[in-house]
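Per-entry structural report
Below are the chains, spelled out letter by letter.
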Amino acid sequence: MITSKIIAAGKAVPAKIVTNDDLSRLVDTSDEWIKSRTGIEERRISQNETTTDLAYEASKAAFDKYKIDPATIDLIIVATISPDNFMPSTASLLQERLGLNNRHVMAFDINAACTGLVYGIQIAHKFIQTGSAKRALVVGSETLSRTLNWEDRSTCVIFGDGAGAVVLEASDRGIIADYTNSLGDPDLNLAIPALPLKSPFADEMTCSPSCMTMNGAEIFKFASFAVKDAIVHVLEKSGLTMDDIKFIVPHQANMRIVSKISKVMHIPVEKFYVNIKNYGNTSSASIGIALDELLDSGQVHPGDKLILVGFGGGLTWGAILVEF
Ligand code: COA
């Protein structure tokens, strides 16, 4: 049966490293608090890199490392909640930067918050399975730093900027199971408001603040359910067990969420690839950045099976079980 295989991964992060100590000079926090509550030690924050710049650099890194000609790409999906423009899409801008502007390429952005890369891979996989695309570039790219309230210690210490890219193509082995889900969240437990209604015809509207807001405790509870639910579903769909899985690459949100899942599901914590200490939560970019580093580490061999699992605003969640 035709499936799709991940044939390349790449990442890009801004040059500027911001440590916990740097943040403790901005808000009432400490290295000890951030490390013990989240596992984060530092994050990259953009000084001038845009979401499109990072998406381009991550894609280029994947193409160069795995010797892929960008001209072979016929589908570009960018997952982002911090695009440079509402229009054109980041994917269209990326297409142009990659020199693909006169080619037959479908390019669009998706927003599934921190589950964006998992949703994007699933969509690309379906296009490939149906023959609508041959080679797909899926990128999660974020400059979340511009959405943060830098006076709010409960959010500004958690997030970072970056991009992760993967390339998929048709193959007889690769993605074995995929699962995505979404739960409309009336309480907006994780949100970034967009432009307020503003026109001569609008009812009077109070301008909403444009920064990210988060109910950390509710999101922690949701994440603990969502990661388990997604892993259980892809294992069930594939007929495999956790013993068949070499690594889990989770959305890098909080080391305590990983520890909790490891304990509740009796999965050795070493099975989770975690790099949150270096980057914080980079939303849709985090799984791609982690996967790229894991592949670079030489620990994944042909035939190894991995689970990529994400969760985030929406509330959204999902997982991909893939053989390398
Ligand atoms: N530095 C120091 N203290 C802080 C702080 C910070 N950066 N942020 C919050 N605090 C304080 C709170 O004000 C609170 O003080 P109080 O007891 O005097 O009211 C105290 O620390 C405990 O806050 P609490 O929210 O209970 O901490 P926590 O242990 O639940 O950890 C999170 C907070 C945000 C780290 C945790 O809830 C979490 O990780 N949630 C999931 C968030 C997430 O993953 N979001 C993205 C999903 S894609």
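Model, not experiment: these values are computed from the prediction. (Residues numbered from 1 in each chain as written. Predicted model: local features only at pLDDT ≥ 70, side-chain atom pairs only at ≥ 80, totals over all residues. Heavy atoms only, no water.)

**Quick word on unusual backbone geometry**
The omega torsion of the bond from Met87 to Pro88 falls at 0°, within 30 degrees of zero and hence cis. Tracing the backbone through its elements, the reader meets Pro88 in the loop between strand 4 (75-79) and helix 4 (90-97). Residue Gly314 is joined to Leu315 through a cis peptide bond whose omega torsion reads 0°. Relative to the helices and strands, Leu315 resides in the loop between strand 12 (305-312) and strand 13 (316-323). Despite not being glycine, Leu188 shows a phi value in the positive range, around 45°. With respect to the helices and strands, the residue Leu188 is situated in the loop between strand 8 (175-182) and strand 9 (190-191). Positive phi is not limited to glycine here, since His266 has a value of about 55°. (Helix = DSSP H or I, 4+ residues; strand = E, 2+ residues; numbered from the N terminus.)

**Notes on the layout of surface pockets**
Of the voids in this model, the largest pocket is the one considered here, and its volume is about 670 Å³. Taken together, 28 residues line the largest pocket, and the ones lying closest to its centre are Ile81, Ser82, Pro83, Phe86 and Ile192. Sorting the residues of the lining of the largest pocket by element identifies strand 5 (106-110) and strand 9 as the ones contributing at least two each. Of the residues contributing to the lining of the largest pocket, the split by class is 15 nonpolar, 10 polar and 3 charged. Looking at the lining of the largest pocket, you find at least three residues from each of domain 1 (3-172) and domain 2 (177-323). Every residue lining the second largest pocket is counted, 28 residues in all, and those nearest its centre are Ser154, Ile158, Met214, Gly216 and Asn254. (1 Å grid on protein atoms, 1.4 Å probe; cavity = no way out; pocket = protein on both sides within 12 Å on 5 of 7 lines; lining within 4 Å. Points joined across faces, edges and corners; volume = space filled by probe spheres on them. Nonpolar A, V, L, I, M, F, W, Y, C, P; charged D, E, K, R; others polar. Domains from an automatic or database assignment.)

**Some words on the packing of aromatic side chains**
Enumeration over the complete set of coordinates arrives at 2 aromatic pairs. When the ring of Phe222 is compared with that of Trp317, the centres are 5.6 Å apart and the planes differ by 80°; the resulting orientation is edge-to-face. Taken as a pair, Phe222 in helix 7 (residues 216-238) and Trp317 in strand 13 lie far apart in primary sequence, 95 residues in all. There is no split in this pair, since Phe222 and Trp317 are both buried. (Phe/Tyr/Trp six-rings, centres within 6.5 Å; stacked < 30°, edge-to-face > 60°. Buried < 20%, exposed > 50% of the residue type's maximum accessible area, 1.4 Å probe, protein only.)

**A few points about the pattern of salt bridges**
If you walk through the whole model with that rule in mind, you get 14 salt bridges. A salt bridge links Asp292 to Lys65; the nearest nitrogen and oxygen atoms lie 2.6 Å apart. Taken as a pair, Asp292 in helix 10 (residues 286-296) and Lys65 in helix 3 (residues 51-65) lie far apart in primary sequence, 227 residues in all. For Asp292, a relative accessible area of 2% translates into the label buried. Judged by its relative accessible area of 35%, Lys65 falls in the partly exposed class. With a closest N to O distance of 2.8 Å, Arg135 and Glu169 form a salt bridge. In this pair, Arg135 is assigned in strand 6 (residues 135-142) and Glu169 in strand 7 (residues 162-171), connecting sequence segments 34 residues apart. The structure contains a network of salt bridges with shared partners spanning Lys65, Asp292 and Asp296. (Salt bridge = Lys/Arg side-chain N within 4 Å of Asp/Glu carboxyl O.)

**Here we look at the domain arrangement of the protein chain**
Assigned domains of the protein chain: these are domain 1 (3-172) and domain 2 (177-323). Centre-to-centre separation of domain 1 and domain 2, based on C-alpha positions: 14 Å. Listed as interface residues are 49 residues of domain 1 and, on the opposing side, 46 residues of domain 2. Here domain 1 and domain 2 share an interface that buries about 3700 Å² over both sides, 62% of which is from carbon and sulfur atoms. Considering only the surface of domain 1 that becomes buried against domain 2, Lys11, Cys114 and Val118 emerge as the three largest contributors, covering 16% of it. (Contact = heavy atoms within 4.5 Å. Buried area = accessible area lost by both parts, 1.4 Å probe.)

**Considerations on the site of the ligand**
Around the ligand lies a shell of 24 residues, among which Thr29, Arg37, Arg153, Gly216 and Asn254 are the nearest. In this structure, an oxygen atom belonging to the ligand sits 2.9 Å away from a side-chain N or O atom of Arg153. Backbone polar atom of Gly216 to a nitrogen atom of the ligand: 2.9 Å apart, as the coordinates give it. For the ligand, whose unbound accessible area comes to 960 Å², protein coverage reaches 70%. When each cavity is represented as a set of grid points, the ligand is found to reside in the second largest pocket. Ranked by the residues each element gives to the shell around the ligand, the list is headed by helix 7, at 4 residues. Viewed by domain, the shell around the ligand spans two of them, domain 1 (3-172) and domain 2 (177-323), each represented by three or more residues. (Near = heavy atom within 4 Å. Polar contact = N/O pair within 3.5 Å; in protein donor to acceptor, adjacent residues only side chain to side chain. Areas by Shrake-Rupley, 256 points an atom, 1.4 Å probe, with all protein chains shown as cover. Sits in = over half its atoms within 2 Å of the grid points.)

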